[in-house]
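Results of the structural survey
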Number of protein chains: 2
Amino acid sequence: MSYNKKNEFNEYQINLAEFAKALSHPARIAILTQLAKKKTCICGEIVAVMPLAQSTVSQHLKELKNAGLINGEIDGPKSCYCINTGKLNDLANSFITLFGSLSGDCCSIKKGGDNE
Amino acid sequence: MSYNKKNEFNEYQINLAEFAKALSHPARIAILTQLAKKKTCICGEIVAVMPLAQSTVSQHLKELKNAGLINGEIDGPKSCYCINTGKLNDLANSFITLFGSLSGDCCSIKKGGDNE
DNA sequence: ATCACATATCGTAGATATACGATAAAAAGC
DNA sequence: GCTTTTTATCGTATATCTACGATATGTGAT
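Residues numbered from 1 in each chain as written. Chains lettered and ligands numbered in written order. Predicted model: local features only at pLDDT ≥ 70, side-chain atom pairs only at ≥ 80, totals over all residues. Heavy atoms only, no water.

**As for the interface of chain B and chain A**
- On the chain A side, the residues contacting the 60 residues of chain B number 59 residues.
- Summed over both partners, the interface of chain B with chain A comes to about 4,900 Å²; 68% of that surface belongs to carbon and sulfur atoms.
- Where chain B touches chain A, the interface holds zero salt bridges.
- The interface formed by chain B and chain A contains two residue pairs in polar contact (both at pLDDT 80 or more). (Contact = heavy atoms within 4.5 Å. Buried area = accessible area lost by both parts, 1.4 Å probe. Salt bridge = Lys/Arg side-chain N within 4 Å of Asp/Glu carboxyl O. Polar contact = N/O pair within 3.5 Å; in protein donor to acceptor, adjacent residues only side chain to side chain.)

Here you go:
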C-alpha cells in the first residue's frame, strides 16, 4: 500500500532528514572534506583519493549536488565542484538549532556512565 | 563482489555518516523532537502522534537506540525512552566541527544568487 | 492462571541505496 | 575528422530501508 510516508511529516523535519541523508555515507563526508581541503575544486582528484570506481564517485557527487550542498561547473573536459557554502551553512544552522532543542535533560533513566 | 565499501573510510567519517543516517528519516527527527518536548519519556504517546504503525515506530526507536541517541528502559508494561544527551552532544559537536571545516570559501564558481 | 494492555520482534513486500563495468557525451589536441 | 581525456549516465546485481500486519513477550490486574 504505502511504502513511503515521509511526506506525512512537516517540511522542517523532511528538510533536515534529507540533509542528513546526503551526509549519511562516509564517501560523501569524505568528498566534502576533500573539497574543503583543496579550495580549488577538483573532480578527477576526488576519484583518485577514493576507494571507489569513477562512476560511483560521480553518483555520490550527483547526490550531493541534488541536495544542494555542492555546485558543479564544467571546465573544459573536466568538471569542477565546490561546496555551496550558503546552503550548507543554512542547513548546518538548522541542525545546530535542532541539537540545541534536544539537549534538555530527560526523565529518570540512569545518567552518567552509560554512553551506549 | 563488493556491495559495501563503507569500511574503507576512516572511523571519523564512518561515525559521522552513521549519525547522519540515524537522523535521515523525518520520523526519527520527529521522535527526537517529541522526546525533547515532553521531558518525561513517553513511548505509546509517540505512536499516537505519528502517522505510522506501532511496529514501524518501534523499529525507528530501535534504530535510534542502536545509534546510541536514545536510552530505553522498561517501566512496568510500558517502555520509556529518553534522549541520550551525552552521546548526542558528542556527535553534534563532531558535526559542528565538520561544518566549520567546510565553511571555507571555494573556487571561481558563481557565488551569490544560486542557492539551488 | 488468565486477561488485557503495551511493546518488541518476525516475516515479508516493495522501494531505495550502493556498487560496478560499459558506454555515451563533450571538449581539447592532433 | 579522429583520438584522447574526463566525466556523466545506463544497466545491473545485491544490500539495505521502510512499511505493514501478525505474532510473541512481558507486566499488572483480576
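On we go.
**Things to note about the relation of the copies chain B and chain A**
- Once chain B has been moved 0.0 Å along the axis and rotated by 180°, it coincides with chain A to within an RMSD of 0.0 Å. Overall, the copies show the geometry of a two-fold rotation axis. Among all residues of chain B, the minimum C-alpha distance to the rotation axis is found for Ala20(B), at 2.4 Å. (Least-squares fit on C-alpha atoms with pLDDT ≥ 70 in both.)

**Quick word on the packing of aromatic side chains**
- Applying the stated criterion across every chain, the model contains seven aromatic pairs over all chains.
- Seen in terms of ring centroids, Phe19(A) and Phe95(A) are 5.5 Å apart; in terms of plane orientation they differ by 50°. Their pairing is tilted. Of this pair, Phe19(A) sits in helix H1 (residues 11–22) while Phe95(A) sits in helix H5 (residues 85–102), and the two are 76 residues apart along the sequence.
- Owing to a relative accessible area of 4%, Phe95(A) belongs among the buried residues under this scheme.
- Look at Phe95(B) and Phe99(B): their rings are 5.3 Å apart centre to centre, the planes differ by 40°, and that puts the pair in the tilted class. Of this pair, Phe95(B) and Phe99(B) both sit in helix H5 (residues 85–102), separated by four residues, roughly a single helical turn.
- A connected cluster of aromatic rings, assembled from ring pairs, spans Phe19(A), Phe95(A), Phe99(A), Phe19(B), Phe95(B) and Phe99(B). (Phe/Tyr/Trp six-rings, centres within 6.5 Å; stacked < 30°, edge-to-face > 60°. Helix = DSSP H or I, 4+ residues; strand = E, 2+ residues; numbered from the N terminus. Buried < 20%, exposed > 50% of the residue type's maximum accessible area, 1.4 Å probe, protein only.)

**A short note on the side chain of Ser24(A)**
- With respect to the secondary-structure elements, Ser24(A) resides in the loop between H1 and helix H2 (26–37).
- Looking at Ser24(A), the relative accessible area reads 9%, which means it is buried.
- The contact partners of Ser24(A), leaving out residues within four places of it in the chain, are Ala17(B), Ala20(B) and Lys21(B).

**Details of the packing of H2(A) against helix H1 (residues 11–22) of chain B**
- Direction vectors running N to C along H2(A) and H1(B) enclose 115°, while the axes themselves pass 8 Å from each other. Relative to H1(B), the crossing made by H2(A) is right-handed. Contact with H2(A), carried on its side by Pro26(A), Ile29(A) and Ala30(A), involves Gln13(B), Ile14(B), Leu16(B) and Ala17(B) of H1(B) and no other residues of that element.
- Classifying every residue of the contact of H2(A) with H1(B) by side-chain character gives six nonpolar, one polar and no charged. (Axes fitted to C-alpha atoms, helices over the stretch in contact; angles between N-to-C directions. Left-handed = near helix turned anticlockwise from the far one by under 90°. Nonpolar A, V, L, I, M, F, W, Y, C, P; charged D, E, K, R; others polar.)

**Structural notes on the protein's contact with DNA strand D**
- Taken together, 25 residues sit near DNA strand D, with Cys43(A), Gln54(A), Tyr81(A), Lys21(B) and Thr56(B) positioned nearest.
- Of all DNA strand D atoms lying within 4 Å of any protein atom, the proportion belonging to sugar or phosphate reaches 66%.
- Interatomic distance of 2.9 Å between a backbone N/O atom of Ala53(B) and a phosphate oxygen of DNA strand D.
- Of all the secondary structure elements, the ones that give two or more residues to the surface near DNA strand D are helix H4 (54–66) and strand S2 (78–83) of chain A together with helix H4 (54–66) of chain B.
- Here the surface near DNA strand D gets five residues from one element, more than from any other, and that element is H4(B).
- Of the residues that constitute the surface near DNA strand D, the class distribution is seven nonpolar, twelve polar and six charged. (Near = heavy atom within 4 Å.)

**Concerning the pattern of salt bridges**
All names here are of chain B.
- Evaluated as defined, the whole model comprises four salt bridges over all chains.
- With its nearest N and O atoms 3.1 Å apart, the salt bridge here joins Arg28 to Glu63. Of this pair, Arg28 sits in helix H2 (residues 26–37) while Glu63 sits in helix H4; the two residues are 35 residues apart in sequence, bridging distant segments of the chain.
- The partner of Lys38 in a salt bridge is Glu45, and the shortest N-O contact between them spans 3.2 Å.

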